[in-house]
Amino acid sequence: MTDRGLAPRDINNRRVLKIALPIVLSNVTIPILGAVDTGVVGQMGEAAPIGAVGIGAVVLSAIYWIFGFLRMGTTGLAAQALGQGNRAEVAALLTRVLMIGFAGGALIIALQLPILWAAFRLSPASPEVETLARGYMQIRIWSAPAAISVFGITGWLIAQERTRAVLVLQVWMNGINVLLNLWFVLGLGWGVNGVAFATFLADWSALAMGLYLCRAAFKVPDWRDWARVFDRVKLRRMAQVNSDIMIRSLLLQVIFLSFLFLAADFGDVTLAANQVLLQFLSITSYALDGFAFSAEALVGQAVGARAVPLLRRSVWVASLWGLAASVLLAVGFWVFGNDIVAIMAKNTEVQAAAAIYLPWMVCAPVLALASFMLDGIFIGATRTADMRNMMALSTLVYVGAAFALVPYFGNHGLWIALLISFVARGATLAARYPSLERSVAR
């Protein structure tokens, strides 16, 4: 049964900002948590605990990231169901998401021994660091079902424009983590295991908070309408969307990993400078995510309602705000870029090297804007096959650009190739946009 009272509202600046700003604010908490994790173990006065937390966190984040498709796919599917006025499907989708989250987490826990073995073969460390990192991961891995489920809950909330709830969830999770870190490590002296226990408890508390924020869905019987939850057509569609997004994301990681591997050939100083400058791209991502997420929710609802005028309006208003944010970032990097580098790296050689390549970071927000916004637009429309295919094409463009430019221009050529990959992703998705509109108009 559908609820025609859910017809999409007029798209305006206030509505876009209401979605975007809480996402931007919630993203601010992410680097703060990483800094606290490193800082509390740094107070122990030894190098091994810092390395152990770093390796353990990176490995588990990479494993959990495999399920990151659950956030994006859920947003598009739930937004479209909302645009159709199908509240029953929105509720059933939440149940599916939680089931996938728990199943995926259980699989990771069951495979923890081969996962740990592979992690330390790929990233060998000293015996002391490996022992500490292994203990850290063996504690944290038990929160995998919660961490993955939170991905899906976040996407479900974004689809309904409930980004203030996403902000509450993120602040709650990271706030609990920070407080427990301070207590367990500095207060109780639990060391690396204290950081792991803090994250374990924060993840499960985040799931509890997430379920509380979704409580309205559990007040109606649709969430446990098992015939709807296990509908083969819906499950097949969900699997297709999520697999496309996963392939697209893996290809994106190929680009960034190859960038790091190629940068290593230019020496330690240039490699360190590139690592610092990549943080500018992270800042860009944190800022533009809010407007891309706005596009996901609004476009998804417009597609569900089969309303092309609302689709165009959603794309236009969200993209204008994204453009304003990208220009502001570019100006900020131009004016304060060297100061930001100085905060991140104290080594004067690294600072000098970063200054040489900083102009590429000034260009990056504007050149990457289309790729960010069109990702959000195509996620909302669940045109994930286009995302997958255009990402594959953009990866080939990046590889060709790197082979052509790096031998002649060195690290400058590598940065140009990376920025070309962003432009290629934006241009190829833009070429597919008319087809997206035609599919909505049918």
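Because the structure is a prediction, the values reported are computed rather than measured.

1. Describing the packing of helix α8 (residues 163-187) against helix α9 (residues 191-213)
Okay, step 1: Running from amino to carboxyl end, α8 crosses α9 at an angle of 155°, the nearest separation of the two axes being 8 Å. One element, α8, and the other, α9, form an angle in the roughly antiparallel class. Our pair here, α8 against α9, has a crossing hand that is right-handed.
Okay, step 2: The residue makeup of the contact of α8 with α9, split by class, is 16 nonpolar, 7 polar and 1 charged.

2. As for unusual backbone geometry
Okay, step 1: Backbone geometry places Arg306, a non-glycine residue, at a positive phi of 55°.
Okay, step 2: When you line up the elements, Arg306 lands in the loop between α12 (268-304) and α13 (308-344).
Okay, step 3: Of note, the phi angle at Thr382 is positive, near 50°, even though the residue is not glycine.
Okay, step 4: Within the secondary structure layout, Thr382 lies in the loop between α14 (348-380) and α15 (384-441).
Okay, step 5: Using a relative accessible area of 4% as the deciding quantity, one classes Thr382 as buried.

3. As for a nonpolar patch on the surface
Okay, step 1: The grouping of Trp316, Leu320, Leu323, Val327, Val331, Trp334, Val335, Phe336 and Val366 at the surface amounts to a nonpolar patch, some 910 Å² of accessible area in total.
Okay, step 2: It is α13 that provides the largest number of residues to the nonpolar patch, a total of 8 residues.
Okay, step 3: Relative to the assigned elements, Trp316 resides in helix α13.

4. A short note on the nonpolar core
Okay, step 1: Grouped together as the largest cluster of nonpolar side chains are 131 residues, with contacts concentrated most on Ile108, Tyr136, Leu277, Leu311, Ile377 and Trp415.
Okay, step 2: For this core, the leading source of residues is α15, giving 18 residues.
Okay, step 3: Ile377 has contacts with Ala295, Val299, Val315, Ser319, Tyr433 and Leu436, leaving out every residue within four places of it along the chain.

5. Quick notes on the environment of Ile63
Okay, step 1: Tracing the backbone shows Ile63 in helix α2 (residues 47-65).
Okay, step 2: Note on Ile63: relative accessible area 13%, which makes it buried.
Okay, step 3: In the structure, Ile63 is positioned 45 residues away from Ile108 in sequence and 8.3 Å away in space, judged by C-alpha atoms.
Okay, step 4: With near-sequence residues (within four places) excluded, Ile63 lies in contact with Ile108 and Ile115.

Calculation criteria
- Every chain begins its residue count from 1, and numbering advances along the sequence as written.
- Only residues with pLDDT of 70 or above have their local features reported here, since the model is predicted, and side-chain atom pairs are shown and tallied only from 80 upward, although totals for entire chains, interfaces and linings are computed over all residues.
- No hydrogens and no water enter the side-chain calculation; it runs on all heavy atoms of the structure.
- Lines fitted to C-alpha atoms define the axes, with helix axes restricted to the stretch in contact, and inter-axis angles between N-to-C directions lie between 0 and 180 degrees.
- Put simply, DSSP marks the helices as runs of H or I at least four residues long and the strands as runs of E at least two long, and each gets a number from the N terminus on.
- Roughly parallel refers to an angle under 35 degrees, roughly antiparallel to one over 145, roughly perpendicular to one between 65 and 115, and oblique to any angle outside these ranges.
- Two helices crossing with the near one rotated counterclockwise from the far one by less than a right angle form a left-handed crossing, whereas a clockwise rotation gives a right-handed crossing.
- Note that Gly is not counted as nonpolar here; it falls among the polar residues with everything else outside the nonpolar set of Ala, Val, Leu, Ile, Met, Phe, Trp, Tyr, Cys and Pro and the charged set of Asp, Glu, Lys and Arg.
- Think of it in three bands: residues with accessible area under 20% of the maximum for their type are buried, residues over 50% are exposed, and the middle band is partly exposed, with areas taken using a 1.4 Å probe on protein chains only.
- Exposure above 30% relative accessible area and no salt bridge define the residues that can form patches, which grow by joining like charges within 9 Å and nonpolar side chains of Val, Leu, Ile, Met, Phe, Trp and Tyr within 5 Å.
- Here the open area of atoms and residues is found with the Shrake-Rupley method and a 1.4 Å probe, where only the protein chains shown may cover a residue.
- Here, a salt bridge means any Lys or Arg side-chain nitrogen found within 4 Å of an Asp or Glu carboxyl oxygen.
- Grouping buried Ala, Val, Leu, Ile, Met, Phe, Trp, Tyr and Cys residues that are joined through side-chain atoms within 4.5 Å yields what is termed a nonpolar core.
- By the convention used here, residues are in contact when the closest approach between their heavy atoms is within 4.5 Å.

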